[in-house]
Amino acid sequence: MLEFHLRLFCERLKRVLAGEEGTLPLPDSTNLTPLFQNLLTESEIIATTLLGNYEADMARHLFQLIREEFDDSKISLPFLQLLDLEESDEEDVETADIFEILKDINNFVRDSEEVIDTFFINIMQQQNSENESESNEIINIIMALLVGLHTKIIDIRNRMQQLPPGDNGFDISEKSNEIIRLLSEGQPRLDINEFERGREELFDLLIEGPSGLAVVAILDSSGFDKTVFAADTYNNNHVKFYFDCLAWVRVSITYVFGKILDDIIKSVMPPSRVSVIIGEDYQLKKSILRDYLTNRKYFIVLDDVFDDSEIWSDLEEVLPDNQNGSRVLMLVSDPQLLASLEMENGEKIRRDSVLFGGPLIRLKHEAWQFFILHYGSMPLENYLQGEAIPTVWRQIFSVMELPFYLKVCFIYLCVFLPSIEISTEQLYQLWVAEGFIPYNGEETAEHYLKELIHRGFIQVSKRSAGATIKACYVPSFVYTSLYFVAEKAGFVLVHDREEERVANVKRCVIAEDLTGFLSLEHSDMYLQSFLNHSSASDHLALIDCENFCKKFKHLRVLNMGSAVLDQYPPGLENLYLLKYLKLNIPSLKCLPSLLCTLLNLETLEMPSSYIDQSPEDIWMMQKLMHLNFGSITLPAPPKNYSSSLKNLIFISALNPSSCTPDILGRLPSVQTLRISGDLSYYQSGVSKSLCELHKLECLKLVNESKPSRMVLSEYQFPPSLIQLSLSNTELMEDPMPILENLPLLRVLKLKQNSYLGRKLACVGLSSFPELKVLHLKSMYWLDEWTMGAGAMPKLESLIVNPCAYLRKLPEELWCIESLRKLDLHWPQTQLRQGLRTFEDMEWRYDIQLYPYGI
């Protein structure tokens with residue numbers, strides 16, 4: 001892993017030679033191509049052949065650096081002996097040279113990257129210049145620098161060839177297997193009878209337990225996965241029917257109760273209320289949530305809870321005890337969290353306490369009825385010392401065993417703080433921008449993510465209605481391992497954590513204090529990526545932004561996060577190498593033409609900006625793949641301009657005034673499109689232009705006019721559509737006869753106020769042949785729904801919210817063998833009684849009635 005700078009540099013050189021770096025291929029009239037090829041040849045010899053001989057030495061050295069972070073007194077003796085990686089004095093002398101050379105390699109990579117960056121920046125600056133002599137002068141300077149770099153890399157290769165053989169006695173796989181053996185050695189197997197007894201006791205407590213609020217802390221033990229156990233309970237139909245509202249919230253090693261509060265609100269409250277409340281004051285939100293839960297029976301699971309004493313008082317403020325049988329499960333990752341509690345006999349819980357009388361044990365708590373669920377008879381500290389630390393090390397070894405393409409993508413995840421839910425869409429874009437994955441390679445990115453999930457490194461936190469992974473997270477123990485590797489290998493600098501600057505670090509993440517970072521001197525930092533994950537919405541001074549752009553002119557990735565800019569920042573147009581840009585400029589209405597000079601840009605995200613006017617130069621941004629705005633209006637292409645934005649695959653949200661055949665016809669690759677605005681006024685243009693998008697798969701139409709006069713029958717939808725969503729369209733005509741013939745449609749969401757009629761009919765002979773997911777929301781007056789035989793043959797999930805006037809569901813619905821999930825909100829009595837027929841068919845149907853069960 002210590003050689004990753006060089007391996008990524010080799011990949012970049014390949015892109016340079018293939019003409020994929022910058023906006024122009026290498027000039028044919030120069031001798032630059034052979035110079036770059038020579039650099040690549042020598043670099044690959046060192047990266048793949050020579051450094052490969054010292055892989056064990058580098059792994060041993062990295063593990064030694066990581067081990068310095070652990071207190072030996074907290075590590076069991078057998079495991080301590082396993083981690084004894086010290087070399088003999090003779091070996092130490094022999095391998096010292098390799099690490100000195102490794103420093104020289106990283107310095108070489110940095111120097112080379114700067115030369116290449118300077119070359120492409122100057123080339124782009126000179127594109128519109130007629131001063132040919134100045135361009136030739138720059139090329140001559142670059143050629144001289146490349147010759148010097150070639151001399152350096154040959155010198156490094158010669159020195160490496162003179163080194164003694166590396167140490168092949170250190171085997172990562174062998175060490176990993178030994179850790180697994182130590183973790184299982186001496187641990188009693190989980191008794192299946194005891195497991196079932198604990199499961200039954202927990203179910204009894206949840207459903208038939210005391211009327212007061214009961215809190216259960218669940219601990220890991222050998223052979224027992226608390227998260228899987230809790231998920232099985234949380235998703236049980238009997239449990240869901242018993243409670244009015246449920247929430248599963250991840251706490252993580254980074255405790256931020258404001259985020260926990262928001263997550264609970266989003267889970268238990270209706271979306272219409274969430275959108276109003278979520279931006280309110282922190283104290284007000286706590287009060288609103290408590291009031292909302294006061295008359296409801298709630299079940300909340302807090303996952304991945306570490307030691308933070310504030311959690312008790314924070315939860316007491318928002319979770320009322322109304323003697324109605326509400327419950328909370330806490331999945332405890334650090335037993336030290338329980339140190340403030342007492343057992344029923346008055347004995348304080350300590351790290352060396354052994355809990356008997358389980359699996360479910362009653363504890364004393366001043367506010368709640370408190371229980372611990374755990375298996376085994378070890379002291380609590382053993383869960384941390386005996387299992388947690390070895391588990392972290394096992395993860396470290398597992399990371400090191402990954403193939404390089406997965407290793408670098410996985411380690412990159414440490415740029416997301418552990419409390420952050422990671423958008424897969426954003427992750428794919430960043431992997432591409434960083435050069436880990438080929439340009440336009442999001443299918444490859446999705447494949448890599450699925451492989452990491454399969455290996456157990458990443459957990460899925462959210463899927464789309466079509467089962468696509470929308471969000472994921474790294475579990476806290478995995479993140480800890482990941483961060484150790486990334487930080488010691490110099491992969492990333494997390495500001496606010498490291499006191500000393502890491503040499504040659506190319507990625508910087510802001511955890512808390514963005515303004516503090518901007519005020520410091522960073523003249524020696526060569527950054528390629530900058531990501532701000534601070535939750536503070538600081539207003540940034542323009543002078544700070546300008547200075548930032550001058551200091552870090554080689555950036556490929558710039559994500560300013562929630563930091564607020566009052567206007568477009570000066571100097572940004574000089575970041576010619578940018579591939580990924582995210583800014584928060586709520587006041588911006590006109591997209592500056594200077595922004596369109598960033599011709600390498602692949603992703604442009606400004607979700608708080610509503611753009612009324614864009615310059616014609618946006619059509620010059622040929623590499624654009626993602627446009628994400630609150631709203632954006634695209635201009636008509638310039639006259640006599642024949643090119644298109646051929647790589648653009650995602651747009652949100654496009655103003656309907658831009659939906660003309662001329663504009664949409666220049667977007668041949670768009671797969672995902674959200675159109676938001678006055679769909680009534682632009683009915684003619686939108687309805688007739690969508691058919692120009694031959695690769696369109698996902699379409700969202702959001703109307704913002706009142707009253708709506710949208711006529712769906714005039715729309716010419718492309719047959720490639722897989723997902724369709726309508727919101728606020730206020731259709732008067734039944735949309736089903738129009739949409740049922742879309743041959744590939746799998747997900748249909750008719751959302752709030754999309755249809756105002758009383759009847760739905762799907763009676764075509766091949767109605768919705770591929771549909772799997774159907775959401776009917778806010779159809780307040782719907783009272784009749786008919787289906788033809790054979791309609792929706794592949795339907796799997798149906799949500800109707802509300803169905804206050806719907807008397808019955810179509811009989812044909814129950815003939816669909818694939819149907820499994822059915823959510824009905826506020827069903828009237830006749831419909832509720834009709835569903836009792838299926839009450840005993842849990843083996844087939846997951847039927848959820850809200851707010852009460854069958």
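Asker: Help me understand helix 14 (residues 310-318) in this model?
Answerer: Regarding helix 14, the residues found buried are Ile311, Trp312, Asp314, Leu315 and Val318. Here the buried face of helix 14 lies against helix 11 (257-268), helix 13 (282-294), strand 3 (298-305), strand 4 (327-332) and strand 7 (369-373).

Asker: Would you mind going over the sheet that holds strand 6 (residues 360-364) with me for this structure?
Answerer: One key point about sheets: their strands pair by backbone hydrogen bonds, in either a parallel or an antiparallel sense. Taken together, seven strands build an open sheet; the order of strands is 2-3-4-1-7-6-5 and the sheet is mixed. Each edge of the open sheet is held by one strand with a lone partner, namely strand 2 (245-252) and strand 5 (342-343). Both strand 1 (residues 214-219) and strand 7 contribute to a ladder of five bridges, which runs parallel. Bridge assignment links valine 215 to a residue of strand 7, and that residue is phenylalanine 370. The sheet strands contacting helix 11 are strand 2 and strand 3, and the helix crosses strand 2 at an angle near 155°.

Asker: Even after reading the chapter, I still don't get the packing of helix 1 (residues 4-17) against helix 2 (residues 32-50), so can you show me in this structure?
Answerer: Packed helices, taken two at a time, are described by the angle between their axes plus the distance between the axes. It is at 9 Å that the axes of helix 1 and helix 2 come closest, and there the two elements cross at 150°. On the basis of their axis angle, the class for helix 1 and helix 2 is roughly antiparallel. Relative to helix 2, helix 1 is oriented so that their crossing is left-handed. Between helix 1, through Leu6, Arg7, Phe9, Cys10, Leu13, Lys14, Val16 and Leu17, and helix 2, the contact on the second element is made entirely by Thr33, Phe36, Gln37, Leu39, Leu40, Ser43, Glu44, Ile46 and Ala47. Partitioning the contact of helix 1 with helix 2 into residue classes produces eleven nonpolar, three polar and three charged.

Asker: Any chance you could explain the pattern of salt bridges here in plain terms?
Answerer: Between side chains of opposite charge, a pair can form when the charged atoms approach closely. Overall, the coordinates contain 30 salt bridges when judged by the stated rule. As a salt-bridge pair, lysine 14 and glutamate 11 come within 3.4 Å of each other at their nearest N and O atoms. Of the two residues, lysine 14 and glutamate 11 are both situated in helix 1; the distance of three residues between them amounts to about one turn of the helix. Arginine 556 is paired through a salt bridge with glutamate 113; the nearest N and O atoms lie 3.6 Å apart. Note that arginine 556 is positioned in the loop between helix 21 (542-551) and strand 14 (557-559) and glutamate 113 in helix 5 (residues 89-125), a separation of 443 residues in sequence. Among the residues examined, glutamate 113 registers a relative accessible area of 4% and is labelled buried. Put simply, Arg12, Arg15, Glu21, Glu113, Asp117, Lys506, Arg556 and Lys579 are held in one network by salt bridges that share partners.

Asker: Please explain unusual backbone geometry as it appears in this structure.
Answerer: Of all residues except glycine, most have a negative phi; of all peptide bonds, most are trans. A cis amide bond, omega -10°, links serine 652 with the succeeding residue alanine 653. Along the chain, alanine 653 turns up in strand 18 (residues 650-654). The linkage connecting asparagine 801 with the following residue, proline 802, adopts the cis geometry, with an omega of 0°. With respect to the secondary-structure elements, proline 802 resides in the loop between strand 26 (797-801) and strand 27 (821-825). Of note in this structure, aspartate 304 is not a glycine but carries a positive phi near 60°. Here aspartate 304 lies in strand 3. The phi torsion at phenylalanine 768 lies on the positive side, around 50°, for a residue other than glycine.

Asker: Would you mind showing me how to read the side chain of serine 644 here?
Answerer: Tracing the chain through its elements places serine 644 in the loop between strand 17 (626-632) and strand 18. The buried category is assigned to serine 644, whose relative accessible area is 17%.

The rules we used
Residues numbered from 1 in each chain as written. Predicted model: local features only at pLDDT ≥ 70, side-chain atom pairs only at ≥ 80, totals over all residues. Heavy atoms only, no water. Buried < 20%, exposed > 50% of the residue type's maximum accessible area, 1.4 Å probe, protein only. Helix = DSSP H or I, 4+ residues; strand = E, 2+ residues; numbered from the N terminus. Contact = heavy atoms within 4.5 Å. Pairing = 2+ DSSP bridges. Axes fitted to C-alpha atoms, helices over the stretch in contact; angles between N-to-C directions. Parallel < 35°, antiparallel > 145°, perpendicular 65-115°, else oblique. Left-handed = near helix turned anticlockwise from the far one by under 90°. Nonpolar A, V, L, I, M, F, W, Y, C, P; charged D, E, K, R; others polar. Salt bridge = Lys/Arg side-chain N within 4 Å of Asp/Glu carboxyl O.

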